[in-house]
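Chains, contacts and geometry: an overview
Below, each chain spelled out in residue letters.
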Number of protein chains: 2
Amino acid sequence: MTRVCVAGAGTIGSLFAAHLAQVAEVSVLTRREEHASALNERGLTVTGRTELTSSVTAATDPAQLPEPDLVIVACKGSDVEPLTQRLAGHFPAATLMTVQNGLGAEEIAGTHGTWPLLSAVTFMSGTRLGDTAVEYVLDTETWIGPYRDTTPDDARAVAELIVSSGLRAEGFDDLRPAQWSKLIFNATVNAVAALTGLPHDPHFAETAQLSDLGHLVRDLVDEGKAVAAAAGVELWEDPWEMNVLATQRGHRHSPSMLEDVKAHRPTEIDLITGSLVREAQKIGVPVPLHTALYRLVKAKEASYS
Amino acid sequence: MTRVCVAGAGTIGSLFAAHLAQVAEVSVLTRREEHASALNERGLTVTGRTELTSSVTAATDPAQLPEPDLVIVACKGSDVEPLTQRLAGHFPAATLMTVQNGLGAEEIAGTHGTWPLLSAVTFMSGTRLGDTAVEYVLDTETWIGPYRDTTPDDARAVAELIVSSGLRAEGFDDLRPAQWSKLIFNATVNAVAALTGLPHDPHFAETAQLSDLGHLVRDLVDEGKAVAAAAGVELWEDPWEMNVLATQRGHRHSPSMLEDVKAHRPTEIDLITGSLVREAQKIGVPVPLHTALYRLVKAKEASYS
């Protein structure tokens, strides 16, 4: 039986751990002792799209967990550095898979060990209800590709394991086209939602009047597409079409960055929009609108105090 | 003794009425009967920068007020149309003065009568404490210029009257350079404050890092200056310097648009940023950043419901 370690048990980590524990031996690396104890005692319960409770082994020290075949680094982007530093020297036989938004999580993780690396992005979403309970809200896919010392077949094998656990996933020969599609989509939708207070609703696709938000969303997507083109990346999906389709689904999804600013938490703006702006600067493509939104969201964070 | 009618008794109207009543015979045109009754019974009290209580004559029907020499149209920009429509046919001997943000209030007022017109902008600010009480917060100037059938001397005479009442004012040969300076300043500071939640504080002038807000503020000011230049207007003050000076004053002023979005009220975005964007479109000058902020604030208003 495959052994998987999920490092970081927020919403996404909890969804992976609970589902995978139905088909694999799952351990969970947590930051807090009480979180590990709660998981060891009560397991992990999922409600919403699926209903299940799974047993997992949890600890705050990687040395106390069984050797895994696969480590899913499931923390927020800003925690990849400290979390993979804690993994340094552990699990030498495992493959590491990052699932963060933005660009560059694989590179950061790779500096702390010689593990083979898989690159992934996930579109699934949920709501954390507590240390041992999570609601599965959007049953969208996780996309996986090779990154370092891994092959497309390795990516497909992990995708198959995830699919067998009841989640949705797909393996890619090259993740970059999908990763960039998601980056452009995320940079646009998250920042606009965080600044306006709107969930991802039909306003994002409206273009009837000069003052309509859809114009700005399209201009932001076009800036992102120009950066991708200059970086030699052919996008997997058109982020504008992703936006239109998502707003037609009827479900008014509240992007995580909107939830973060509502709760006065630090956002992932540096990792999402920030990585797009830095990449654009490196390549020499102007992105004035993404740069404006980057500064506005940073200023919004500064307004918390 | 000069007779002044203040039409619209919000914060700015109340500050004008209460001060001018110390040196002139002041009437107040209100929208609500109970507001007029309260003013007739209790007068108007100012606290803060000045401390005074003045008697005024108030009514909801212009026909019930004495004939004035000067009418100050002191409502919000969005109310200029209905308010000056109520004045149609009244006070034929009076001069009308508009004091709204943005562009075009004079033109709207002028369609409802043949009154000579003065154009003004005011930088003073306060907090409305109730129907008969207002706090005078920022004792900054009101700038006045001729607009239709009036002369620079008429503008200076009204400025002198206002100064004699304890407020600050200045008459101009041509208001447009000052009006445009204020428009560019306001479009920039109000929209950024409304979106970020920041009062007008030192963040607005910070330019040390790529993500700092001052870069965006300067880019917005530069867009506005390009429109003014194309419109043939030589600015009275540099809006960037106005911004830097204001943020160095130490008082963290909360722009009215930030107060509006906090209270889930409609903002003046259509009159301020909207008038700049429409003017830019007419002249053919691109203003992508002001257009982006225009759409974001409109979307923020849409998020209230």
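Residues numbered from 1 in each chain as written. Chains lettered and ligands numbered in written order. Predicted model: local features only at pLDDT ≥ 70, side-chain atom pairs only at ≥ 80, totals over all residues. Heavy atoms only, no water.

**Quick notes on the relation of the copies chain A and chain B**
When chain A is brought onto chain B, the operation consists of a screw motion whose angular component is 180° and whose axial shift is 0.1 Å, with 0.1 Å RMSD remaining. Accordingly, the operation relating the two chain copies is best matched by a two-fold axis. Proximity to the rotation axis, assessed at the C-alpha, singles out Leu-195 of chain A in chain A; its C-alpha lies 2.8 Å from the axis. With an isologous cut-off of 70% or more, the 100% of interface residues of chain A that recur at the interface of chain B puts this contact in the isologous class. (Least-squares fit on C-alpha atoms with pLDDT ≥ 70 in both. Contact = heavy atoms within 4.5 Å.)

**Thoughts on the sheet that holds strand E11 (residues 142–148) of chain A**
All names here are of chain A. Pairing is mixed in the open sheet, where eight strands are placed in the order E5-E2-E1-E6-E7-E8-E11-E12. Two strands bound the open sheet, and with one partner strand each, they are strand E5 (57–59) and strand E12 (169–171). Across this sheet, the average inter-strand angle for adjacent strands is 25°, counted without regard to direction. (Pairing = 2+ DSSP bridges. Helix = DSSP H or I, 4+ residues; strand = E, 2+ residues; numbered from the N terminus. Axes fitted to C-alpha atoms, helices over the stretch in contact; angles between N-to-C directions.)

**As for the domain arrangement of chain A**
All names here are of chain A. As far as domains go, chain A holds domain 1 (3–171) and domain 2 (176–302). Computed over C-alpha atoms, the centres of domain 1 and domain 2 are 26 Å apart. At the junction of the two partners, domain 1 supplies 15 residues and domain 2 supplies 19 residues. Looking only at domain 1, the three residues that lose the most surface to domain 2 are Asn-101, Leu-103 and Trp-143, adding up to 40% of its buried area. The interface formed by domain 1 and domain 2 includes one salt bridge. For Lys-76, the salt bridge identified is with Asp-260, shortest N-O distance 3.0 Å. Across the domain 1-domain 2 interface, the total number found is eight residue pairs in polar contact (both at pLDDT 80 or more). Secondary structure elements with two or more residues in the side of domain 1 that touches domain 2: strand E8 (117–122) and strand E10 (133–138). For the side of domain 1 that touches domain 2, the leading source of residues is E8, giving three residues. For the side of domain 1 that touches domain 2, the residue count by class is six nonpolar, seven polar and two charged. (Domains from an automatic or database assignment. Buried area = accessible area lost by both parts, 1.4 Å probe. Salt bridge = Lys/Arg side-chain N within 4 Å of Asp/Glu carboxyl O. Polar contact = N/O pair within 3.5 Å; in protein donor to acceptor, adjacent residues only side chain to side chain. Nonpolar A, V, L, I, M, F, W, Y, C, P; charged D, E, K, R; others polar.)

**Points about the pairing of strand E8 (residues 117–122) of chain B**
Residue and element names in this part refer to chain B. By the criterion of burial, E8 is predominantly enclosed, with six of the six residues buried. Residues of E8 alternate between two faces, with Leu-117, Ser-119 and Val-121 on one and Leu-118, Ala-120 and Thr-122 on the opposite face, all of them buried. Bridge count for strand E7 (residues 95–98) against E8 is three bridges, and the pairing is parallel. Of the residues in E8, the one forming a bridge with Leu-96 is Leu-117. In this view, the connection linking E7 to its parallel neighbour E8 by way of helix H4 (residues 105–110) has right-handed handedness. (Buried < 20%, exposed > 50% of the residue type's maximum accessible area, 1.4 Å probe, protein only. Right-handed = clockwise from strand over helix to strand, strands pointing away.)

**Quick word on the environment of Ala-109 of chain B**
Residues and elements named next belong to chain B. The residue Ala-109 is located in helix H4 in this model. For the pair Ala-109 and Val-134, spaced 25 residues apart in sequence, the C-alpha separation works out to 26 Å. Ignoring anything within four residues of it in the chain, the contact list for Ala-109 reads Val-80, Thr-84, Leu-96, Thr-98 and Trp-115.

**Examining the packing of aromatic side chains**
Two aromatic rings are characterised by how far apart their centres lie and by the angle between their planes. Residue and element names in this part refer to chain A. What the rule picks out here adds up to seven aromatic pairs over all chains. A ring pair is formed by Trp-143 and Trp-236, whose centres lie 6.5 Å apart and whose planes are at 70°; its orientation type is edge-to-face. With Trp-143 in strand E11 and Trp-236 in the loop between helix H7 (213–230) and helix H8 (239–248), the pair connects residues that are 93 residues apart, well separated along the chain. Residue Trp-143 is classed as buried on the basis of its relative accessible area of 6%. Cluster of aromatic residues (ring-pair linked, three or more members): Phe-123, Trp-143, Phe-172 and Trp-236. Cation over ring: Lys-182 sits above Phe-123, and NZ or CZ is 4.7 Å from the ring centre. (Phe/Tyr/Trp six-rings, centres within 6.5 Å; stacked < 30°, edge-to-face > 60°. Lys NZ or Arg CZ within 6 Å of the ring centre and 35° of its normal.)

**Describing the interface of chain A and chain B**
Accessible area lost during the coming together of the parts is what is often quoted as the interface size. Facing the 27 residues of chain A at the interface are 27 residues of chain B. Counting each side, the surface lost to burial between chain A and chain B is near 2,300 Å², with a carbon and sulfur contribution of 70%. For chain A, the biggest contributors to the area lost against chain B are Leu-210, Arg-295 and Leu-296 of chain A; these three give 29% of the whole. One salt bridge in this structure joins Asp-219 of chain A and Arg-295 of chain B, with 3.9 Å as the shortest N-O distance. The interface formed by chain A and chain B includes six residue pairs in polar contact (both at pLDDT 80 or more). Elements with a minimum of two residues in the side of chain A that touches chain B: helix H6 (176–196), H7, helix H10 (273–283) and helix H11 (288–302) of chain A. Sort the elements by how many residues they give to the side of chain A that touches chain B and H11 of chain A lands first, with eleven residues. For the side of chain A that touches chain B, the class distribution of residues is 15 nonpolar, seven polar and five charged.

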